[in-house]
Each structure stands twice: as C-alpha cells, then as structure tokens.
Amino acid sequence: MRQDEITEVVERAVKLVAERYVLADVAERIAAHLGDRLRAGRYADAADPAALAALVTQDLQSVNGDLHLRLRHHATPLVEQDDDPIEARLAPLVRTTMGGVARVERLAGNIGLLEIRPYLFSPQLAGDAVTAALRLLVGTDALLLDLRGNRGGSPDMVALVCGWFFAEPAHLHTMHDRSGNTRQFWSAAYVAGPRYDADKPVYVLTSAETFSGGEELAYDLQQLGRATVVGERTRGGAHPCDGFPAHPHLELTVPVARPVNPVTGTNWEGCGVAPDVEVAAAEARDLAYRRALAALLDSDPERPTADEVRAALAGLS
C-alpha cells in the first residue's frame, strides 16, 4: 500500500474511534495510541490491506482488549456491497447453514440437543428455522443447547430463543450508548408454539470460541436462573458494533453500545461467561448429558422413559 493510503485509513480509524466508541474516556486513549503508532511509522511497511488490518487491529485492541474493535479485511471490495442490505449479504450463508441450526436431535432418555452455529442470525433471516427446531424439541424432558461453535449474532434472535424458556417476558438487558440513550431487550412475549416447560432443565454448552451473541444467550439464561452453563469460559465480547468503510477492502468495526444485565448490573465484556461447571469443551456435551439423565432419574425414578434413561447413563459410564 502507498503511504498516503495507509495514513488516510489510520487517520479515519482515529477519528471514528474518538467520535463513536462507546466508552468516551477509553476512546480518547485508543485514538491517541493509534495516532502515536502512525507517527512512529508502525504501519509504513504494510504491504497490503490485509497486513495493515492485522497491525491496526492489534493496536486497537491493545488498550482495553475489546475484541469487537477491529479493522477487518474483505477480499471482496466493499463498494460492491454498499447498496446491499446486510440481510442480502448474509442470505447465502443462512441458506447453506440451515439458518444456524447445525443439529437438532432427540438423544436416548428423551434429552433434546440443539446446536446453533456459526451465528444466531436475525429472526428475519432464520426465525422460521430456529422456531421449527425448538418446536421439535418441546416434548423432550431436558435440553442441551450447544453454543460451542457459535461466534455471535443478533440480540433479537437471542430474545426470540429466550422466549421459549420463560413463561412471561423476562428483562434480558438494557443497551446503553455513548450519548446516554437506552433500549431494553426482553425475551419474546410471543412464540409460535408451546414454550419449554419451566421445570425442565436446560444446559448450555460453551467453549473458548463462543463469542458475542452466543455469549449473550448463555449469559442471559444463566443469570436469570434458567440454565446451567457447562464447558469453558467464553471469549468476552459484549459490545455491539457498527461497521464503517475505511478503504475498498477495509472495514472498521466500532463498538457503539454496552449491555447491562438487570441481575448482575454488568456484562461479560473482557471476562467472558464463566461456566457453572467448568470442563474442556470437547467433554462438555457428555458431562451435561450425564447430568441431565441423572437429574431426570432423581426427580422421578418411575418415569415412562426410566429404562431408556438408565440405559443411556450406563452407556456413558
């Protein structure tokens, strides 16, 4: 890249962070740090946009570790995407991933399994697919919600999924922006079918790669006492962001708000979601499955599926 191009990209990043980043005091520090690095010649040897993106992202995140704050490289020029809404750009991925419903299954012992990855797409794009999966599982006696491969997504989809697990709308969080504006998010008041009974246990599986919207879903269900989180501490990205073009192949994503949970008064930014039962991600499903089966027997040893539950437990030992 030419030096004038590099300077233009970095100076735009400095300006946008200073004006838009959700935490004003931190924004000043990040912007100053980036400007200092530019003047020191940090980016002079960036051979191409991808190399510049890596260097700038490293410096953006070095101040407070916000993983949503980054300079993203796009192989396809952004100018070709300007007139396309985000729904249109995501549509092929939604189609080839079945709306994020990677797996829906009834396990032995009448335990449900729902795996959502790679993203929690918006209800407009994937609401029907996720709703269909949840309706299939409503008759199971416990549920494993696998978010180990989930890399984020829509808070509105989080609200939709949460709607299946609460009899009444539950306050999930309040989003605060830099100007002091707020927006409350509640679990969906209406769902297209019967809700998952409140006395049925729910286990959320997480990994060190679970991020953003996937973390929110785990955190909301955990903090409201509706689910047990099993697995690894998640990555720790809570701040939603807006994207700004900085070059034909570069997009700056700037966190512009922060969620505040009504139970904790905070969120999972920088610290991740701490599991209730910590175990390696690869072992999380079997451990949660075992716990779900044991809980069913403890609650009702004479249940109609008791023999199937015992056989499934024996197979896991």
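As shown above, the structure is provided for reference.
What counts and what doesn't
- In every chain, residue numbers begin from 1 and rise along the written sequence.
- It should be noted that, the model being predicted, local features are given only for residues of pLDDT at least 70 and side-chain atom pairs only at 80 or more, the latter also being counted only at that level, while totals for whole chains, interfaces and linings use all residues.
- For the side-chain quantities, the full set of heavy atoms in the structure was used; hydrogens and water were omitted.
- A run of H or I in DSSP counts as a helix once it spans at least four residues, and a run of E counts as a strand once it spans at least two, with each numbered from the N terminus.
- Residue contacts are defined here by distance: any two heavy atoms, one from each residue, within 4.5 Å place the two residues in contact.
- Strand pairing follows a simple DSSP-based rule, namely that at least 2 bridges must link the two strands.
- An axis is simply a line fitted to the C-alpha atoms; with a helix, the fit covers only the stretch in contact. Between two such axes, the angle follows the N-to-C directions and lies from 0 to 180 degrees.
- As used in this structure description, the phrase polar contact means that two N or O atoms lie within 3.5 Å; if the pair is within protein, one of them must be able to donate a hydrogen and the other to accept it, and residues adjacent in sequence are counted only when both atoms belong to side chains.
- Put plainly, a pocket is an open set of points on a 1 Å grid over the protein atoms alone with protein on both sides within 12 Å along at least five of seven lines, a cavity is a set where a 1.4 Å probe fits but cannot get out, and a lining residue has an atom within 4 Å of a point.
- Grid points are joined across faces, edges and corners, and a volume is the space filled by probe spheres set on the points.
- Gly counts as polar in this scheme, as do all residues outside two lists: the nonpolar Ala, Val, Leu, Ile, Met, Phe, Trp, Tyr, Cys and Pro, and the charged Asp, Glu, Lys and Arg.
- In these notes the angle categories are as follows: under 35 degrees is roughly parallel, over 145 is roughly antiparallel, 65 to 115 is roughly perpendicular, and the rest is oblique.
- Two helices that cross are described as forming a left-handed crossing if the nearer one is turned anticlockwise from the farther one by less than a right angle, and a right-handed crossing if clockwise.
- In summary, the pairing rule links any two rings of Phe, Tyr or Trp, Trp by its six-membered ring, whose centres are within 6.5 Å, and it sorts them by plane angle into stacked for under 30 degrees, edge-to-face for over 60 and tilted for everything else.
- Whether a residue is buried, partly exposed or exposed follows from its accessible area with a 1.4 Å probe, protein chains only, as a fraction of its type maximum: under 20%, in between, or over 50%, in that order.
- Criterion for a charge above a ring: Arg CZ or Lys NZ at most 6 Å from the ring centre, at most 35 degrees from the ring normal.

Asker: What exactly am I supposed to notice about the side chain of Asn261 here?
Answerer: When you line up the elements, Asn261 lands in the loop between strand 11 (257–260) and strand 12 (277–278). Setting aside residues up to four positions removed in sequence, Asn261 forms contacts with Leu172, His173, Tyr219, Asp220, Gln223 and Thr266.

Asker: Would you mind going over the sheet that holds strand 6 (residues 182–186) with me for this structure?
Answerer: In a beta sheet, neighbouring strands are held together by backbone hydrogen bonds and run either parallel or antiparallel to one another. Strand order across the open sheet formed by three strands is 6-5-11, with antiparallel pairing between neighbours. The open sheet terminates on both sides in strands that have one partner only, identified here as strand 6 and strand 11. Geometrically, the sheet is characterised by an average inter-axis angle of 25 degrees between neighbouring strands, direction not taken into account. Bridge count between strand 5 (residues 171–177) and strand 6: five bridges; the pairing is antiparallel. Looking across to strand 6, one finds that His173 is bridged to Phe185. Together, strand 5 and strand 6 form the strand contacts of helix 6 (residues 155–163), whose direction differs from that of strand 6 by roughly 35 degrees.

Asker: Looking at this structure, how should I read the side chain of His68?
Answerer: Its place among the elements puts His68 in the loop between helix 3 (49–61) and strand 1 (70–73). A distance of 2.9 Å separates the side chain of His68 from the backbone oxygen of His239, its partner in a polar contact. If we ignore the near neighbours within four places in the chain, the residues touching His68 are Phe211, Ser212, Gly237, Ala238, His239, Cys241, Thr253 and Pro255.

Asker: I'm lost on empty space enclosed by the protein in this one. Help?
Answerer: Where empty space is left in the structure can be found by rolling a water-sized probe over the atoms. Per the counting criterion, the structure on display carries two cavities of 30 Å³ or more. Of the voids in this model, the largest cavity is the one considered here, and its volume is about 40 Å³. Forming the walls of the largest cavity are Leu134, Leu137, Val138, Leu143, Trp164, Phe165 and Tyr196. Within the lining of the largest cavity, the residues separate by chemical class into seven nonpolar, no polar and no charged. What the second largest cavity holds in volume is close to 30 Å³. If you go around the second largest cavity, the residues you meet are Leu172, His173, Glu216, Tyr219, Asp220, Pro259, Val260, Asn261, Thr266, Asn267 and Trp268. Elements with a contribution of two residues or more to the lining of the second largest cavity: strand 5, helix 7 (213–223) and strand 11. With three residues, helix 7 is the single largest residue contributor to the lining of the second largest cavity.

Asker: Would you explain the packing of helix 5 (residues 123–137) against helix 6 in this entry?
Answerer: Two measures define how a pair of helices packs: the angle their axes make with one another and the distance between the axes. Between helix 5 and helix 6, the least distance of the axes is 10 Å, while the angle of their chain directions is 25 degrees. Judged on the interaxial angle alone, helix 6 and helix 5 are roughly parallel. Taken as a pair, helix 5 and helix 6 cross one another with a handedness that is right-handed. In this structure, helix 5 uses Pro123, Ala126, Gly127, Val130 and Thr131 to contact helix 6, whose residues at the interface are Asp156, Met157, Leu160 and Val161. Of the residues in the contact of helix 5 with helix 6, the class split is six nonpolar, two polar and one charged.

Asker: Would you mind showing me how to read the packing of aromatic side chains here?
Answerer: Given two aromatic rings, one states the distance between the centres and the angle between the planes to describe the pair. Here the structure, examined in full by the defined rule, presents three aromatic pairs. When the centroid spacing of 5.2 Å and the interplanar angle of 50 degrees are considered together, the rings of Tyr219 and Trp268 count as tilted. In this pair, Tyr219 is assigned in helix 7 and Trp268 in the loop between strand 11 and strand 12, connecting sequence segments 49 residues apart. The class of Tyr219 is buried, set by a relative accessible area of 7%. The cationic tip of Lys200 hangs over the ring face of Tyr196; the distance from NZ or CZ to the ring centre is 5.0 Å. Of note, Arg235 hangs over the ring of Phe211, and the distance from its end group to the ring centre comes to 4.5 Å.

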